[in-house]
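Below, each chain spelled out in residue letters.
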Amino acid sequence: KQEVTQIPAALSVPEGENLVLNCSFTDSAIYNLQWFRQDPGKGLTSLLLIQSSQREQTSGRLNASLDKSSGRSTLYIAASQPGDSATYLCAVLHAGNMLTFGGGTRLMVKP
Amino acid sequence: DAGITQSPRYKITETGRQVTLMCHQTWSHSYMFWYRQDLGHGLRLIYYSAAADITDKGEVPDGYVVSRSKTENFPLTLESATRSQTSVYFCASSGRGYSYNEQFFGPGTRLTVL
């Protein structure tokens, strides 16, 4: 059974810092990996999608990498801002048409 | 462009009642999904649909029924609600080429079963 783990569960950083969120998965047979952002009481916003054949994707200050063989992905946020405060979720699409989610990393960026 | 909408946004019901949660998307996406989000369990797939009249079970389908007569709608029914079904329910959709498309999520429905 596919399991997705995100470390750390919570992170607090001062504004302007660069940071890395980690995601690991147990079964490397995935179709893609997706990073989401969720604000309190809100839905999920898709940030980046990395296909299984890709190594990384970039969008603005966000960069996500994928190492399928080791079952790892990282989300790099450059020059963090208070508006980046949210929960970040990674999810892998795998056999059975299932998107399995990690538990999320709750990020707080302090002004 | 409304994207993907869910209704109601909040619902309180009693044990044993039937409840239907609605999901509507305007992108003509072929795939649609229902997830529930619970503290300690994260997001889990309940049911999904590859196209109209095609549905399949996800990780936690027991106690739920789905239908998809039209591409744009994917209602989720709790036939006899239980307290364990208190949760936040998210609908999502994705376009053609399923394996290589992003899933886009609706705003969620917060359901409380008393």
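Calculation rules
- Residues numbered from 1 in each chain as written.
- Chains lettered and ligands numbered in written order.
- Predicted model: local features only at pLDDT ≥ 70, side-chain atom pairs only at ≥ 80, totals over all residues.
- Heavy atoms only, no water.
- Disulfide = S-S within 2.5 Å.
- Helix = DSSP H or I, 4+ residues; strand = E, 2+ residues; numbered from the N terminus.
- Buried < 20%, exposed > 50% of the residue type's maximum accessible area, 1.4 Å probe, protein only.
- Polar contact = N/O pair within 3.5 Å; in protein donor to acceptor, adjacent residues only side chain to side chain.
- Contact = heavy atoms within 4.5 Å.
- 1 Å grid on protein atoms, 1.4 Å probe; cavity = no way out; pocket = protein on both sides within 12 Å on 5 of 7 lines; lining within 4 Å.
- Points joined across faces, edges and corners; volume = space filled by probe spheres on them.
- Nonpolar A, V, L, I, M, F, W, Y, C, P; charged D, E, K, R; others polar.

(A) Highlighting the state of the cysteines. Residues and elements named next belong to chain B. Taken as a whole and judged by the stated rule, the model has two disulfides over all chains. Each disulfide pairs two cysteine sulfurs, and for Cys-23 the partner residue is Cys-91, the sulfurs being separated by 1.8 Å. The sign of the -75° torsion about the S-S bond sets the Cys-23-Cys-91 disulfide as left-handed. Of this pair, Cys-23 sits in strand S3 (residues 19-25) while Cys-91 sits in strand S9 (residues 87-94), and the two are 68 residues apart along the sequence. Each member of the pair, Cys-23 together with Cys-91, is buried.

(B) Up close: the side chain of B:Ser49. All names here are of chain B. Looking at where Ser-49 falls in the secondary structure, it is placed in strand S5 (residues 42-51). The exposure class of Ser-49 is buried, given its relative accessible area of 0%. Among the polar contacts listed, one links the side chain of Ser-49 to the backbone oxygen of Ala-51, at a separation of 2.8 Å. At a separation of 2.9 Å, a polar atom in the side chain of Ser-49 contacts the side chain of Arg-68. Among all residues touching Ser-49, those that are not within four sequence positions of it are Ser-30, Tyr-31, Met-32, Ile-54, Thr-55, Arg-68 and Phe-74.

(C) Structural context of empty space enclosed by the protein. Taken as a whole and judged by the stated rule, the model has one cavity of 30 Å³ or more. As a volume, the largest cavity reaches approximately 30 Å³. Surrounding the largest cavity, A:Met98, A:Leu99, A:Thr100, A:Phe101, B:Leu43, B:Leu45 and B:Glu59 form its lining. Listed by contribution, the elements that provide at least two residues to the lining of the largest cavity are strand S10 (98-101) of chain A together with S5 of chain B. The element best represented in the lining of the largest cavity is S10(A), accounting for four residues. Classifying every residue of the lining of the largest cavity gives five nonpolar, one polar and one charged.

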